[in-house]
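Residue strings, one per chain:
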Amino acid sequence: MTGFLLRRLVNYVVLALVATFLAFTLASVTFDPIGVLQQRNPPPPAATIDAKRHDLHLDQPIPERFVTWMGGVVKGDFGQTIANRPITEELGRRAGVSLRLFLLGITLGITLGVLLGVISAIRQYKFSDYFATIFSFVVLSTPVFVIATLLKTGAQSINNSIGSNVLLFTGETTPGFSGSWGAALVDRLQHMIVPTLTIVLSQVAYYSRYQRSAMLDVLGSDFLRTAQAKGLTRRKALFKHGLRTALIPMATLFAFGFGLLIVGGTFTERIFSWFGMGDWLITGIQNQDTNITATVTLFIAVCVLVSGWLADVLYAALDPRIRI
Amino acid sequence: MTAADTLFEPAGGSSDVGPVLEVSDLAVSFPSESGRVQAVRGLSYQVSPGEVLGIVGESGSGKSVSSLAVMGLLPSQARISGSIKFQGRELIGLSDDQLSKIRGRKISMVFQDPLSALTPVYTVGDQIAEGLLVHGKGRVTKQAAAKRSVELLDLVGIPNAAERAKAFPHEFSGGMRQRAVIALAIANDPDLIIADEPTTALDVTVQAQVLEVLKTAQEVTGAGIVIITHDLGVVAGFADRLMVMYAGKAVETGHVDEVYQRPRMPYTLGLLGSIPRVDADEKQPLVPIEGQPPSLVDLPQGCPFAPRCPMAVDACLTDEPPLSEVDNSGDHYAACIRSDELGAVEVQADEASVAAAVDVAAEVFGVEVIGEPEVARIPRDQRTVVLDVRDMVKEYPVTKGVVFKRRIGTVHAVDGITFDIREGETLGVVGESGCGKTTTLMEILGLEKPMRGEISVLGQNVSALNGRSRKAVRRDMQVVFQDPMASLDPRMPIGDVIAEPMQVHGIDKEQIAKRIPELLKLVGLRREHADRYPAEFSGGQRQRIGIARALALEPKLVVLDEPVSALDVSIQAGVINLLDELKAKLGLSYLFVAHDLSVVRHIADRVAVMYLGKIVEIGDVDSVFSSPQHPYTQALLSAIPIPDPIKERARERIILTGDLPSPANPPSGCRFRTRCFLHASLPPEKQSKCIEVEPPRAVQAPDHEAACHYAEPRQVV
């Protein structure tokens, strides 16, 4: 089993490299930072442009540039932005911001999604099932930025009706906030609720649909009947035997769900002015900055692949039939 | 029974207080798109302590629904009325919490499909222990429950129980899983065990093992047992009383001997006559019950069996007859207004026996004797060889790895088999699942050069065929598949289904149009059926369509892959009779693959018994069945239950131990030796021959060969 997981891990490392290389190449081919420089008025002297070109390694062929950059990455140096600021420094801060949003969002999203799916399945064709179904389809078919904007409006009207700003939706903290440790935590929480909710809603919608059908498959199964026949109450049989088995197909989904999360996260960060990785990706593309783009891509690839690997581990833990 | 004595209270302690289970006027209905389905309509029965009640009926007769109602396991949309009293306590209306205290402790259940009856993610031992823990909160420790579950597994005959308790269900074979489910059912020493088709999904040898285990379970717990089945054979030797169900009601009930020997309801009579018998000395035609069970959505007035009943009179259509006592016997009840007349017919037979009852069935249902094809009169060796298979081998590689597949072994699916089929002859191929029957058939149908050996169809060696000649050979060899639901395209009217093979072979349109009604008539359907879609037909009718399609090109050889195993008994008889009739009329040859030996005995002229990719015995069907030479054939035949309570109780079973070895790693020498009772009884110097030398197929009697070093005939049926 360990051998299997190790092999998978090696596969994932290779995949992450390939994904980053492709993003790097694509960015290098399309971006033209020198062109931007040349269009300045007055145009900078040719020597400056050449120096910049050399700084950005633009005088090297793309694979060589990638190797140079990657060589730095291995040593913990992600290179410089166009504005000559070290990326590594900003990476730590921004990754922290994003992971806080993503991890909380995904944990809440999966838990609530699985619960909603199970309730939906057990109460099939009843009001709560129809409600969950409609909720999921509405959320899944609404773009994230619309949901975010709606939530913002909703939060504003809640604030108005209460008469004080309880829910904050700009930035991660109040700029220039000073106070005790506890007050700072409350301030962060106030900022966190609305953006996290944006992420959680779509995650819940996504997982609850799959969990519902996985659970429905199990509901009619013979082993659930056996569990009741030996004296378990229906509720206990449903959770101990039913849900436990219905979670198996979900393990694979968790990996792919992470991709969806990052797409949603990019918009969410922008809309709520959280300066995380998603925001950075957009900044990087706007500034035609290959290094930022490649760094963010690598980060996303690593996230997706780590979750994929965790899904493998989870799958093996959940299903004795695939343990090798 | 020493292990059992320490595990269970001595039976019979509280047996003097009335019936364990008393069901009265039970009715269950479900909503459906076309209206409410009245699945059970006023059912009453009782089970006394220690008594075995057999409930027999076809699919849709309400037998499973009524027992799920007893367990309180019906889906929530079911509507239940009437009364179910268990040890005097009313069960209907109890909450899930209250019922869960009775389920598994007082009443337990064994389900049909052992493959899905256990939760795949917990170990077998844990699942049994769970049943003990849930009823013994505070009293039973985890360790005690684990220890007891090992003892229970040991009791139901799982070897190395302590080790195997830690295994997951997928590591158990079907028979072992059913044993585990039985262990679970008896864990809390229940007073009633309900077994719903406990052996239907199992091979016949495993079925015999599981029935033995159920008997042991009953002996040690002293529980009353309700055994539900569609197979009159399974309950014959096991049940004390029998209840026959039809369309949601009991139509006949009584002591098992009574019901088998003097059935007083035409449906029971028909069922008895429709079963092919493995112990039949001469070929008797089977009784087909025409038509199909009624829809339970809105039943017409009168007796629900009347539309299919040969004895129906006008009075049958006015009122539904109640269960009424037969001949003041006090125990035997039948729901038929003409049951006395039926009794009068039976009295003419000099002695009451199941054989006499079958004769009465043949008379009442008016069965015609089907003749033999004309070619059958010519001696066998002078007839044309239709199919000739010599030393055919089919192996599958076992591989490991995803990107770089490496071969780590070989599955010897078919390992050198030889047989031939002559004109107008039926060869039955039998064996447990995994013995290579289906592989053999697929190899022959493929018309490709086999890995080793030779296949010739009508004198043409298939390895010499090219595209055109292969197509020509296909015309002479057609196939009927097992599952009549899946083998017809649901989007094609059946006229097109039947026309398709003729179009492929370039027969002109006019001729096809003329041929379709002919074919429909041949298989007992009507010409106006041609425009309908498969969904509008019942299982039996669909299988007839499949047969019509196979016959469209006037083949010489028809390959039948378990053609009746998916059908209900009463329908099965009609299809078997049709096959018999077509053979006589058209002079067809059949290669008939089946796991049901009784069907093979009925329809085949010769039989080949396969074990782990080899033919262990082959020959004339009467010779093989009446004096089997190979121990495997003997065990196989002895495992088949006979629908005759008296014969069945007197029979001695050869119970094979264990499961089929893996065909990837077959035993050396004789492949059967690991499970062979004869081998086990031999002195060591004789045993070594079995281990070292593979027994060749040797002639034992005219047209009867067996592959055993120590073959000797033994009568088992």
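Everything numeric here is computed off the predicted structure, so don't read it as measured data.

*Asks:* Explain unusual backbone geometry here, please?
*Replies:* Where the residue is not glycine, phi is negative for most of them; where a peptide bond is considered, it is trans in most cases. Residues and elements named next belong to chain B. Although it is not a glycine, Asp-25 sits at a positive phi angle of roughly 55 degrees. By the element assignment, Asp-25 lies in strand 1 (residues 21-32). The class for Asp-25 is exposed, based on a relative accessible area of 52%.

*Asks:* It is not clear to me how helix 7 (residues 144-162) of chain A should be interpreted in this structure. Could you clarify?
*Replies:* Residues spaced three or four apart along an α-helix face the same direction, because each turn holds 3.6 residues. Taking 1.5 Å per residue as the helical rise, helix 7 of chain A with its 19 residues ought to reach 27 Å, and the 27 Å between its terminal C-alpha atoms agrees with that figure. Positioned one or two residues after helix 7 of chain A, Gly-163 of chain A has a phi angle of 100 degrees, which is positive.

*Asks:* Looking at this structure, how should I read the domain arrangement of chain A?
*Replies:* Many analyses report the size of an interface as the accessible area lost when the parts associate. All names here are of chain A. Here chain A is partitioned into domain 1 (1-83 + 287-324) and domain 2 (89-285). The C-alpha-based centres of domain 1 and domain 2 are spaced at 28 Å. Taken together, the contact pairs 22 residues of domain 1 with 19 residues of domain 2. Summed over both partners, the interface of domain 1 with domain 2 comes to about 1,900 Å²; 78% of that surface belongs to carbon and sulfur atoms. Ranking the residues of domain 1 by area buried against domain 2 places Val-296, Phe-299 and Leu-318 at the top, with a combined share of 30%. On inspection of domain 1 and its partner domain 2, the count reaches 7 residue pairs in polar contact (both at pLDDT 80 or more).

*Asks:* So what exactly am I meant to see when it comes to the domain arrangement of chain B here?
*Replies:* Residues and elements named next belong to chain B. Domain boundaries in chain B define domain 1 (2-239), domain 2 (263-365) and domain 3 (375-611). Between the C-alpha centres of domain 1 and domain 3 the distance comes to 39 Å. At the junction of the two partners, domain 1 supplies 5 residues and domain 3 supplies 6 residues. Here domain 1 packs against domain 3, burying approximately 570 Å² in sum over the two surfaces, 39% of which is carbon and sulfur. The largest contributions to the domain 1 side of the interface with domain 3 come from Glu-58, Asp-203 and His-230, which together make up 68% of the buried area.

*Asks:* Would you take a moment to explain the pattern of salt bridges for this structure?
*Replies:* If charged atoms from side chains of opposite charge come close, those side chains can pair. Residue and element names in this part refer to chain A. Per the stated rule, a full pass over the model turns up 47 salt bridges over all chains. In this structure, Glu-90 and Arg-93 form a salt bridge, with 3.8 Å as the shortest nitrogen-oxygen distance. Linking Glu-90 with Arg-93, this pair stays in helix 5 (residues 87-122), spanning 3 residues, or about one helical turn. Relative accessible area serves as the criterion here: at 13%, Glu-90 is assigned to the buried category. When its relative accessible area of 47% is taken as the criterion, Arg-93 is described as partly exposed. Connected through shared salt-bridge partners, Arg-85, Glu-90, Arg-93, Arg-94, Arg-270 and Asp-279 make up one network.

*Asks:* What is the right way to read the sheet that holds strand 24 (residues 704-706) of chain B from this model?
*Replies:* Paired through their backbone hydrogen bonds, the strands of a sheet run either parallel or antiparallel. Residues and elements named next belong to chain B. A sheet is described by the order of its strands in space; here 8 strands give the open sequence 18-19-20-15-21-22-24-23, paired in mixed fashion. In this open sheet, the two strands that pair with only one neighbour each are strand 18 (477-480) and strand 23 (698-701). Neighbouring strand axes in the sheet, compared pairwise and without regard to direction, differ in orientation by 20 degrees on average. Strands strand 18 and strand 19 (557-561) of the sheet are contacted by helix 18 (residues 539-551), whose axis makes an angle of about 170 degrees with strand 18.

*Asks:* Even after reading the chapter, I still don't get the nonpolar core, so can you show me in this structure?
*Replies:* Proteins that are soluble and globular tend to have nonpolar side chains buried together. Residues and elements named next belong to chain B. Counting residues in hydrophobic clusters, the biggest one holds 83 residues, and the most contacted among them are Leu-153, Ile-227, Leu-242, Tyr-260 and Tyr-267. At 8 residues, the largest contribution of residues to this core is made by helix 7 (residues 174-186). Among the domains, domain 1 (2-239) and domain 2 (263-365) are the pair contributing at least three residues each to this core. If we skip the residues at most four places from it in the chain, Tyr-260 touches Leu-232, Val-235, Ala-236, Leu-242, Leu-272, Val-354, Ala-357, Pro-643, Asp-644 and Pro-645.

*Asks:* Sorry, what's going on with the UniProt feature "domain: ABC transporter" (unreviewed entry) in chain B here?
*Replies:* As recorded in UniProt, the sites labelled "domain: ABC transporter" (unreviewed entry) are residues 21-272 and 387-637 of chain B. As a span, residues 21-272 of chain B carries 38% helix and 27% strand, and end to end its C-alpha atoms are 28 Å apart.

*Asks:* How do you make sense of the side chain of Asp-203 of chain B when you look at a structure like this?
*Replies:* All names here are of chain B. Mapping Asp-203 onto the fold places it in the loop between strand 7 (192-196) and helix 8 (204-221). Buried and without a salt bridge, Asp-203 has Lys-437 as its closest oppositely charged side chain, separated by 5.6 Å. Look past the residues within four positions of Asp-203 in its chain and what remains in contact with it is Glu-432 and Ser-433.

*Asks:* I'm lost on a nonpolar patch on the surface in this one. Help?
*Replies:* Residue and element names in this part refer to chain A. Together, Leu-104, Leu-108, Leu-112, Leu-115, Ile-119, Ile-122 and Phe-239 make up a nonpolar patch on the protein surface, roughly 550 Å² of accessible area in all. Looking at which element gives the most residues to the nonpolar patch, the answer is helix 5, with 6 residues. Structurally, Ile-122 can be placed in helix 5. Classification of Ile-122 as partly exposed rests on a relative accessible area of 31%.

*Asks:* Quick question: what am I supposed to make of the interface of chain A and chain B here?
*Replies:* Contact residues are listed per partner, giving 21 residues for chain A and 27 residues for chain B. For the pairing of chain A and chain B, the buried interface totals around 2,200 Å² over both sides, and the portion due to carbon and sulfur atoms is 58%. Counting the surface chain A buries against chain B, the share from its top three residues, Arg-225, Ala-229 and Lys-230 of chain A, is 28%. Taken together, the connections running from chain A to chain B amount to 2 salt bridges. The partner of Glu-130 of chain B in a salt bridge is Lys-240 of chain A, and the shortest N-O contact between them spans 2.9 Å. Connecting chain A to chain B are 14 residue pairs in polar contact (both at pLDDT 80 or more). Secondary-structure elements contributing two or more residues to the side of chain A that touches chain B are helix 9 (222-229) and helix 10 (234-246) of chain A. Class assignment of the residues belonging to the side of chain A that touches chain B gives a composition of 6 nonpolar, 6 polar and 9 charged.

*Asks:* Would you mind going over the sheet that holds strand 13 (residues 385-400) of chain B with me for this structure?
*Replies:* Residues and elements named next belong to chain B. Taken in spatial order, the 4 strands line up as 14-13-16-17 in an open sheet, and their pairing is antiparallel. The open sheet has two edge strands with one neighbour each: strand 14 (406-422) and strand 17 (460-461). Where strand 13 and strand 14 come together, 13 bridges link them in antiparallel fashion. Counterpart to Pro-397 in the pairing with strand 14 is Thr-410. The strands touched by helix 14 (residues 437-446) are strand 13, strand 14 and strand 16 (452-457); relative to strand 13, the strand with the most contacts, the crossing angle is about 115 degrees.

*Asks:* I would appreciate a short explanation of the confidence of the model for chain B in the present structure.
*Replies:* In low-pLDDT segments, the atomic positions of the prediction should not be examined closely. Residues and elements named next belong to chain B. Considering every residue of chain B, the mean pLDDT works out to 88; 96% of them sit at 70 or more. Note on residues 11-15: pLDDT under 50 across the span, and 4 contacts to partners over four residues away in sequence or across chains. If you check the scores for this complex, the pTM reads 0.83 and the ipTM reads 0.81.

*Asks:* I'm lost on the packing of helix 9 of chain A against helix 10 of chain A in this one. Help?
*Replies:* Helix-helix packing is characterised by the crossing angle of the two axes and by the distance between the axes. Residues and elements named next belong to chain A. Interhelical geometry of helix 9 versus helix 10 gives an angle of 145 degrees and a closest axis separation of 9 Å. For the pair helix 9 and helix 10, the sense of crossing is right-handed. Within the contact between the two elements, helix 9 uses Phe-223, Leu-224, Ala-227 and Gln-228 and helix 10 uses Arg-234, Ala-237, Leu-238, His-241, Gly-242 and Thr-245. In terms of residue class, the contact of helix 9 with helix 10 is made up of 5 nonpolar, 4 polar and 1 charged.

*Asks:* Sorry, what's going on with the environment of Arg-714 of chain B here?
*Replies:* Residues and elements named next belong to chain B. Position of Arg-714 among the secondary structure elements: in the segment after strand 24. Placed 88 residues apart in sequence, Arg-714 and Ser-626 show a C-alpha to C-alpha distance of 8.2 Å. The residues touching Arg-714, leaving out its near neighbours within four places in the chain, are Ser-626, Ser-627, Pro-628, Gln-634, Ile-654 and Phe-677.

*Asks:* Can you walk me through the pairing of strand 18 of chain B in this structure?
*Replies:* Put simply, side chains in a regular strand alternate between the two faces of the sheet. Residues and elements named next belong to chain B. Here strand 18 shows two buried faces, one formed by Met-477 and Val-479 and the other by Gln-478 and Val-480. Summarising the sheet, strand 18 and strand 19 pair through 4 bridges and their orientation is parallel. Each residue of the ladder has a partner; that of Gln-478, found in strand 19, is Val-558.

*Asks:* Help me understand helix 6 (residues 127-141) of chain A in this model?
*Replies:* Residue and element names in this part refer to chain A. The end-to-end C-alpha distance of helix 6 is 21 Å, a good match for the 21 Å that 15 residues give at a rise of 1.5 Å each. Inspection of helix 6 places Asp-129, Ala-132, Thr-133, Ser-136 and Val-139 among the buried residues, and these make up the whole buried set. One side of helix 6 carries all its buried residues, which in axial view fall inside an arc of 140 degrees. The exposed residues of helix 6 that point more than 90 degrees off its buried face are Phe-127, Phe-131, Ile-134 and Ser-141.

Quick notes on the rules
- Residues numbered from 1 in each chain as written.
- Chains lettered and ligands numbered in written order.
- Predicted model: local features only at pLDDT ≥ 70, side-chain atom pairs only at ≥ 80, totals over all residues.
- Heavy atoms only, no water.
- Helix = DSSP H or I, 4+ residues; strand = E, 2+ residues; numbered from the N terminus.
- Buried < 20%, exposed > 50% of the residue type's maximum accessible area, 1.4 Å probe, protein only.
- Expected span 1.5 Å × (residues − 1).
- Domains from an automatic or database assignment.
- Contact = heavy atoms within 4.5 Å.
- Buried area = accessible area lost by both parts, 1.4 Å probe.
- Polar contact = N/O pair within 3.5 Å; in protein donor to acceptor, adjacent residues only side chain to side chain.
- Salt bridge = Lys/Arg side-chain N within 4 Å of Asp/Glu carboxyl O.
- Pairing = 2+ DSSP bridges.
- Axes fitted to C-alpha atoms, helices over the stretch in contact; angles between N-to-C directions.
- Core = buried A, V, L, I, M, F, W, Y, C linked by side-chain atoms within 4.5 Å.
- UniProt positions renumbered as here; feature names shortened; annotations may be inferred.
- Lys, Arg positive; Asp, Glu negative; His and termini not counted.
- Patch = residues over 30% accessible without salt bridge, like charges linked within 9 Å, V, L, I, M, F, W, Y side chains within 5 Å.
- Areas by Shrake-Rupley, 256 points an atom, 1.4 Å probe, with all protein chains shown as cover.
- Nonpolar A, V, L, I, M, F, W, Y, C, P; charged D, E, K, R; others polar.
- pLDDT = per-residue confidence, 0-100.
- Left-handed = near helix turned anticlockwise from the far one by under 90°.
- Arc of directions from axis to C-beta.

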